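A look at the structure
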Amino acid sequence: MQAAWMIAASLFFAGMSVCIKYASLHFGPLEIVCYRGAIGLLVMSLLSRSRGVSLRTDVPMMHAWRNLVGVSALVAWFYAIAHLPLATAMTLNYMSGVWVAAFVIGGTLVMGRLADVRRQGPLILAVMAGFAGVVMMLRPTLDQNQLFAGLIGLLSGLMYALAYMQVAALGRVGEPVARTVFYFSLGATLAGGVGMLFFEMHPLDTVHALWLLPVGVLAALGQLCMTRAYTRGATMVVANLQYSGIVFAALFGLFLFGDRIPLIGWLGMATIIASGITATFLRARALPNPPAEEH
């Protein structure tokens with residue numbers, strides 16, 4: 001059942017990225033974040049009420065940290081979607097699995113567990129392969145003046161790794177899925193709204209604003225499915241099935257936007273997927289209780 005939740009989440013997020021691609025032609029990333037959060041806030045309020053889930057929390061600071069890293073990742077990802085081929089933006093965002101593995105290695109070094117460090121040689125190689133894949137993916141962007149967008153996309157993956165770990169931590173302290181998603185939507189709405197006060201704000205009385213509705217609905221559905229999958233145990237199967245979103249995005253980008261990615265870009269994408277999957281298995285085998293998953 002966890003696998004089904006993650007595949008559904010990946011499909012919803014890929015569909016959301018398509019809508020963002022269209023909406024970004026007329027709205028800025030902070031605007032999209034705000035409206036995405038507002039729609040999600042409405043959806044999760046109704047869902048929480050129908051399920052009798054209280055929105056009162058005993059761990060507000062945990063939600064605050066989850067919102068800080070999650071909303072930052074969201075803004076970075078939306079920017080990357082607007083300026084990169086869809087599959088490239090999605091892949092850089094899904095580098096989160098490789099980042100988690102890097103955190104595991106760093107956490108082990110900080111904790112002085114030298115015996116574990118010696119066993120992490122294959123894991124270190126997997127992480128290095130992941131970043132080699134990033135270099136391969138970003139190389140074509142140099143010719144298209146998209147390097148900055150590529151780096152922002154890479155940053156989104158880093159922030160999402162931190163957000164995923166906090167989602168798991170919230171599940172372990174007993175926070176309901178609906179409450180976790182509600183507060184994230186609230187954070188996105190507030191952050192996007194404040195950002196719009198300092199940047200350009202576009203009117204909503206145009207047909208283009210209709211793209212914002214599916215962005216919010218698909219985001220809420222994807223967030224709900226992803227949160228449920230992770231809070232019920234971030235198993236290796238669930239963690240690796242997130243990469244199905246790259247496949248969905250590649251198909252959408254090819255057929256809807258005519259994205260043309262050079263061979264080295266596709267090879268980099270495949271390298272990142274392979275390293276992410278490998279890192280997940282090696283992480284579980286080398287460190288049964290890695291620091292990154294104990295939050």
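Computed from a prediction, not measured in an experiment: that's the story for all the values here. (Residues numbered from 1 in each chain as written. Predicted model: local features only at pLDDT ≥ 70, side-chain atom pairs only at ≥ 80, totals over all residues. Heavy atoms only, no water.)

With respect to the environment of Gln-166
Take Gln-166: it is sitting in helix α8 (residues 147–172). For the pair Gln-166 and Asn-67, spaced 99 residues apart in sequence, the C-alpha to C-alpha distance is 9.5 Å. Residues contacting Gln-166, with those up to four places away along its chain left out, are Met-62, Trp-65 and Arg-66. (Helix = DSSP H or I, 4+ residues; strand = E, 2+ residues; numbered from the N terminus. Contact = heavy atoms within 4.5 Å.)

Let's talk about a nonpolar patch on the surface
A cluster of nonpolar side chains, Val-194, Leu-197, Phe-198, Phe-199 and Met-201, forms an exposed patch at the surface whose accessible area comes to about 620 Å². Structurally, the position occupied by Val-194 is in helix α9 (residues 177–198). Since its relative accessible area comes to 46%, Val-194 is described here as partly exposed. (Patch = residues over 30% accessible without salt bridge, like charges linked within 9 Å, V, L, I, M, F, W, Y side chains within 5 Å. Areas by Shrake-Rupley, 256 points an atom, 1.4 Å probe, with all protein chains shown as cover. Salt bridge = Lys/Arg side-chain N within 4 Å of Asp/Glu carboxyl O. Buried < 20%, exposed > 50% of the residue type's maximum accessible area, 1.4 Å probe, protein only.)

Focus on the pattern of salt bridges
For the structure on display, the rule yields two salt bridges. Across the pair Asp-58 and Arg-56 runs a salt bridge whose closest N-O atoms are separated by 2.9 Å. For the residue pair Asp-58 and Arg-56, the accessibility class agrees, reading exposed in each case. Across the salt bridge formed by Arg-179 and Glu-175, the nearest N and O atoms sit 2.7 Å from each other. Each member of the pair Arg-179 and Glu-175 is classed as buried.

Side note on the packing of helix α3 (residues 60–83) against α9
Viewed as axis vectors pointing N to C, α3 and α9 meet at an angle of 55°, and their least axial separation amounts to 9 Å. Taken together, α3 and α9 sit at an angle that is classed as oblique. For α3 against α9, the interelement crossing comes out right-handed. In this structure, α3 contributes His-63, Arg-66, Asn-67, Gly-70, Val-71 and Leu-74 to the contact, and α9 contributes Arg-179, Thr-180, Tyr-183, Phe-184, Gly-187, Ala-188 and Ala-191. (Axes fitted to C-alpha atoms, helices over the stretch in contact; angles between N-to-C directions. Parallel < 35°, antiparallel > 145°, perpendicular 65-115°, else oblique. Left-handed = near helix turned anticlockwise from the far one by under 90°.)

Remarks on the confidence of the model for the chain
With 83% of its residues at a pLDDT of at least 70, the chain reaches an overall mean of 82. Across the chain, the element-wise mean pLDDT spans from 58 in helix α6 (residues 114–118) up to 93 in α3. Under a pLDDT of 50 for its full length, residues 286–295 has, in the predicted model, 27 contacts with residues more than four places off or in other chains. (pLDDT = per-residue confidence, 0-100.)

Section: the packing of aromatic side chains
Across all of its chains, the model carries eight aromatic pairs by this definition. Relative to Phe-257, the ring of Tyr-22 lies with its centre 5.0 Å away and its plane at 45°, an arrangement referred to as tilted. One end of the pair, Tyr-22, is in helix α1 (residues 2–23); the other, Phe-257, is in the loop between α12 (244–256) and α13 (263–286), and 235 residues separate them in sequence. Following the ring pairs from residue to residue traces out a cluster consisting of Tyr-22, Trp-211 and Phe-257. (Phe/Tyr/Trp six-rings, centres within 6.5 Å; stacked < 30°, edge-to-face > 60°.)

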